[in-house]
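Descriptive analysis of the structure
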Amino acid sequence: MPKGETTDGFHLVIDALKLNDIDTIFGLPGIPITDLTRMAQAEGMRVISFRHEQHAGNAAAAAGFLTGKPGICLTVSAPGFLNGLTALANATTNCFPMILISGSSEREIVDLQQGDYEEMDQLAIAKPLCKAAYRVLHAADIGIGIARAIRAALSGRPGGVYLDLPAKLLAQTMDAAAGQASLIKVVDPAPRQIPAPDAVQRALALLRGARRPLILLGKGAAYAQADADIRALVERTGIPYLPMSMAKGLLPDNHPQSASAARSYVLAEADVVMLVGARLNWLLSHGKGKTWGAPNTKQFIQIDIAPTEIDSNVAIAAPVIGDIGSCVSALLAGIDANWSRPPAEWTAAVADRKDRNLSKMAATLALNPSPMNFHSALAAIREVVKSRPDAIVVNEGANTLDFARSIVDMYEPRKRLDVGTWGIMGIGMGFAVAAAVTTGKPVIAIEGDSAFGFSGMEVETICRYDLPVCVVVFNNNGVYRGTDVNPSGTADVAPTVFVKGARYDRMIEAFGGVGVHATTPAELRKGLEQALASGKPTLINAVIDETAGTESGRITMLNPQAAARKN
Ligand code: ADP
């Protein structure tokens, strides 16, 4: 580098990201980061611009989950930052690595509260909502700031990190050679954590003595990218397994040991449950209560990278702390040819329950009611996904989520992205864009009409980047369903009701995408197959019976008023 040449904060941020093999930014330009987006693109990074920061943030989070590298979301100050914050908090809750980088106003003015343009103490606000938060004030510290953000996002339990870059920092200049020398290439950002040998032996002993063992795979197991070892663990032990929704496909859903179709039975009846990257949170009824059968009949083994997760809801008899890859391979080392598979009594009982439930489901899926309902529409999608197991499914909604999760089988790891730990709405288009951008694979976004509304404008983003995304909107005219009436006699419709007969397909046509209006499973299937074959941005408005669907889907118990109305 010639003597006397200078660089600035903008370029140092870009160089630091590139040095760490980060090649994509999801964001939304504006003051003070517009030039950062321009320069990043000029320097060869992929910059995907969204219409709202929340969706850029969700895209960064999904990219983090899919790639194991922190996804980057770039926003403007105060309002843009706040819009990105929901995604940052959601990423942290789900253990997805992402870094929210926001421009901010001048410290001197913000700290004296003198009323700057978009004034806000962003660092203080971000702190409780993420794993770590940093601010960089000097160009010479940008390399350190990015290195700390990457390490915090990826190491241990992954999560969201906030990086605050005041406008003045970006324009700061310094000697170019000194600037380059200040950058850090992070060595081993997610170090393996080897489990203690006695913890592994304790877990093996418990598993060996089990009469009715069960393996429960969570999205931590999917994130860990230890697919072959996880499959070997399941197959060599012969233990039935249950995937949480984003762990579907780690082993194909039609695997003979899958207990998905006997979920209630195995959760209630198992005597030893091995959790692999899954928390005993509300999604698993906190490990207790009716779902888990008779009290005091279960013992848990829990594999997790976070030691404080252990005993969070119930006592864990055998914690195995470490990264899933290392833990599973250590367990595998103790499972030799002499390992005795679970008693046939148990596996036969699971298989029997499963067969009965699968035949019931097949009978329901074979019906072809008019108008189409959730089952008949999803039966069509299920067949298409079967023929394109490499496609990524994004799924959100209430009934649309619950039914799709159990009806649409997944065949490969990390092909299903959904509402995750919070059961959040609004992840749809952000996740779909990230899935298409990071993998180049086709994406099928199965969306409730209400859920789609949160991020619907991003169909323009999908069209702008010509992404192979097919959005299927399950249109039943409202939240849960479209039949509620306003009892007061005023002209307003009920709060859960949308415009009847809305043509969501026309939204994408406005931006040059393909719109399909489907009223039968055959039309839906044809539209989806064409979308996958062409790779063209497509939106299928799938017209569903407006009386189909239950309030709050399968979590009616969290909505006591609706539960009472049902009784
Ligand atoms: P699910 O919702 O699918 O049940 P959760 O998000 O509740 O899954 O749980 C994921 C768990 O996986 C978290 O407790 C997290 O600490 C853990 N985890 C994430 N990545 C790893 C990893 N690489 N190794 C071990 N545990 C991990």
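Scroll up to find the structure.
Predicted model, so just to flag it, every value in this text is computed and none were measured. (Residues numbered from 1 in each chain as written. Predicted model: local features only at pLDDT ≥ 70, side-chain atom pairs only at ≥ 80, totals over all residues. Heavy atoms only, no water.)

**So, the packing of aromatic side chains**
Using the following cut-off: Aromatic rings from Phe, Tyr and Trp, taking only the six-membered ring of Trp, are treated as a pair when their centres fall within 6.5 Å; an angle between ring planes under 30 degrees marks them as stacked, one over 60 as edge-to-face, and anything in between as tilted. Numbering of helices and strands runs from the N terminus; a helix is a DSSP stretch of H or I covering at least four residues, while a strand is a stretch of E covering at least two. Any residue under 20% of the maximum accessible area for its type is buried, any over 50% is exposed, and the rest in between are partly exposed; the area is computed with a 1.4 Å probe on protein chains only.
Following the criterion strictly, the structure yields nine aromatic pairs and no others. A centroid spacing of 5.5 Å and a plane angle of 35° characterise the contact between Phe 374 and Phe 403, whose relative ring orientation is tilted. With Phe 374 in helix H16 (residues 374–387) and Phe 403 in helix H17 (residues 399–407), this pair connects stretches of sequence that are 29 residues apart. Take Phe 374 and Phe 403: they sit in the same class, and that class is buried. Aromatic pair Phe 374 and Phe 474: ring centres 6.0 Å apart, planes at 15°, arrangement stacked. Placement of Phe 374 in helix H16 and of Phe 474 in strand E17 (residues 469–475) is noted, with a sequence separation of 100 residues between them. On the basis of relative accessibility, which here comes to 1%, the residue Phe 474 falls in the buried class. A connected cluster of aromatic rings, assembled from ring pairs, spans Phe 65, Phe 96 and Tyr 223.

**What about the sheet that holds strand E2 (residues 24–27)?**
Cut-off, in case you're wondering: Following DSSP output, two strands are said to pair if at least two bridges run between them. Angular values range over 0 to 180 degrees, each being the angle between N-to-C directions of two axes fitted as lines to C-alpha atoms, with helices fitted over their stretch in contact. By definition in these notes, contact holds between two residues if any of their heavy atoms fall within 4.5 Å.
If you trace the six strands from one edge of the open sheet to the other, you get E3-E2-E4-E5-E7-E6, paired in parallel fashion. Two strands in the sheet have a free side with no partner beyond their single neighbour: strand E3 (46–49) and strand E6 (132–135). Averaged over all neighbouring strand pairs, the angle between strand axes comes to 20°, with direction disregarded. Pairing of strand E5 (residues 98–104) with strand E7 (residues 160–166) involves seven bridges; the strand directions are parallel. The partner of Met 98 across the bridge, within E7, is Gly 160. Across the sheet, helix H3 (residues 53–67) is in contact with E2, strand E4 (71–75) and E5; its angle to E4 comes to roughly 165°.

**Quick word on the pattern of salt bridges**
Test applied: What counts as a salt bridge is simple: a side-chain nitrogen of Lys or Arg found within 4 Å of a carboxyl oxygen of Asp or Glu.
The final tally for this structure, using the stated rule, is 24 salt bridges. Residues Asp 390 and Arg 388 are paired through a salt bridge, measuring 3.0 Å at the closest nitrogen-oxygen approach. Residue classification places Arg 388 among the partly exposed residues on the basis of a relative accessible area of 28%. Shared partners join several salt bridges into a network, and the residues in it are Arg 107, Asp 111, Asp 121, Arg 135 and Asp 164.

**Some remarks on the environment of His 52**
As a reminder of what qualifies: The term polar contact refers here to a pair of N or O atoms within 3.5 Å; inside protein, the definition further demands a hydrogen-donor-capable atom paired with an acceptor-capable atom, and it admits residues adjacent in sequence only when both atoms are side-chain atoms.
Among the structural elements, His 52 can be located in the loop between E3 and H3. Discounting residues that sit within four places of it in the chain, His 52 has contacts with Leu 28, Asn 83 and Glu 458. Looking at His 52, its side chain comes within polar contact range of the main-chain nitrogen of Gln 54, at 3.0 Å.

**A short note on the site of the ligand**
Stated formally: What makes a residue near a molecule or strand is one non-hydrogen atom of that residue sitting within 4 Å of it. Here the open area of atoms and residues is found with the Shrake-Rupley method and a 1.4 Å probe, where only the protein chains shown may cover a residue. When residues are grouped by polarity, Ala, Val, Leu, Ile, Met, Phe, Trp, Tyr, Cys and Pro land in nonpolar, Asp, Glu, Lys and Arg in charged, and all others, Gly among them, in polar.
Taken together, 19 residues surround the ligand, and among them Arg 157, Lys 219, Arg 279, Asp 304 and Ile 324 come closest. At a separation of 2.5 Å, an oxygen atom of the ligand approaches a polar side-chain atom of Asp 304. The contact in question runs from a nitrogen atom of the ligand to an N or O atom on the backbone of Ile 324, over 2.9 Å. Protein contacts shield 96% of the accessible area of the ligand, which totals 580 Å² for the unbound molecule. Ranked by residues supplied to the shell around the ligand, first place goes to helix H11 (residues 219–223) with three residues. Across the shell around the ligand, the residue classes break down as eight nonpolar, six polar and five charged.

**Section: unusual backbone geometry**
Comment: phi is negative for the bulk of residues other than glycine, and the bulk of peptide bonds are trans. That bond from Ile 31 to Pro 32 is cis: its omega, 5°, falls within 30 degrees of zero. Of note, Pro 32 is situated in the loop between E2 and helix H2 (34–42). Cis rather than trans, the peptide bond between Ser 370 and Pro 371 has omega equal to -5°. Here Pro 371 is to be found in the loop between helix H15 (344–366) and H16. Non-glycine residue Asp 188 carries a positive phi angle of around 55°. Within the secondary structure, Asp 188 sits in the loop between helix H9 (176–182) and helix H10 (197–208).

**A few points about the layout of surface pockets**
To keep it simple, the criterion reads: Put simply, the grid is 1 Å and covers the protein atoms alone, a cavity is a trapped set of points that fit a 1.4 Å probe, a pocket is an open set with protein on both sides within 12 Å along at least five of seven lines, and lining residues have an atom within 4 Å of a point. Grid points are joined across faces, edges and corners, and a volume is the space filled by probe spheres set on the points.
When its volume is computed, the second largest pocket comes out at roughly 180 Å³. Along the wall of the second largest pocket there are 13 residues; nearest its centre are Gly 287, Pro 295, Asn 296, Thr 297 and Lys 298. Of the residues in the lining of the second largest pocket, the class split is six nonpolar, five polar and two charged.

**Observations regarding empty space enclosed by the protein**
Scanning the entire structure with this criterion turns up one cavity of 30 Å³ or more. Lining of the largest cavity is provided by Val 13, Leu 17, Ile 25, Leu 36, Ile 72, Leu 74 and Ile 101. Secondary-structure elements contributing two or more residues to the lining of the largest cavity are helix H1 (9–19) and E4. Its residues assigned to classes, the lining of the largest cavity shows seven nonpolar, no polar and no charged.

**Section: the nonpolar core**
The following threshold applies: Side-chain atoms within 4.5 Å link the members of a nonpolar core, which is a set of buried Ala, Val, Leu, Ile, Met, Phe, Trp, Tyr and Cys residues.
Grouped together as the largest cluster of nonpolar side chains are 127 residues, with contacts concentrated most on Phe 26 and Leu 417. Every residue in contact with Leu 417, bar those within four places of it in the chain, is listed here: Ala 62, Phe 65, Leu 66, Met 246, Ile 392, Val 393, Val 394, Asn 395, Phe 431 and Ala 435.

These values are about where atoms sit, not about what they do.
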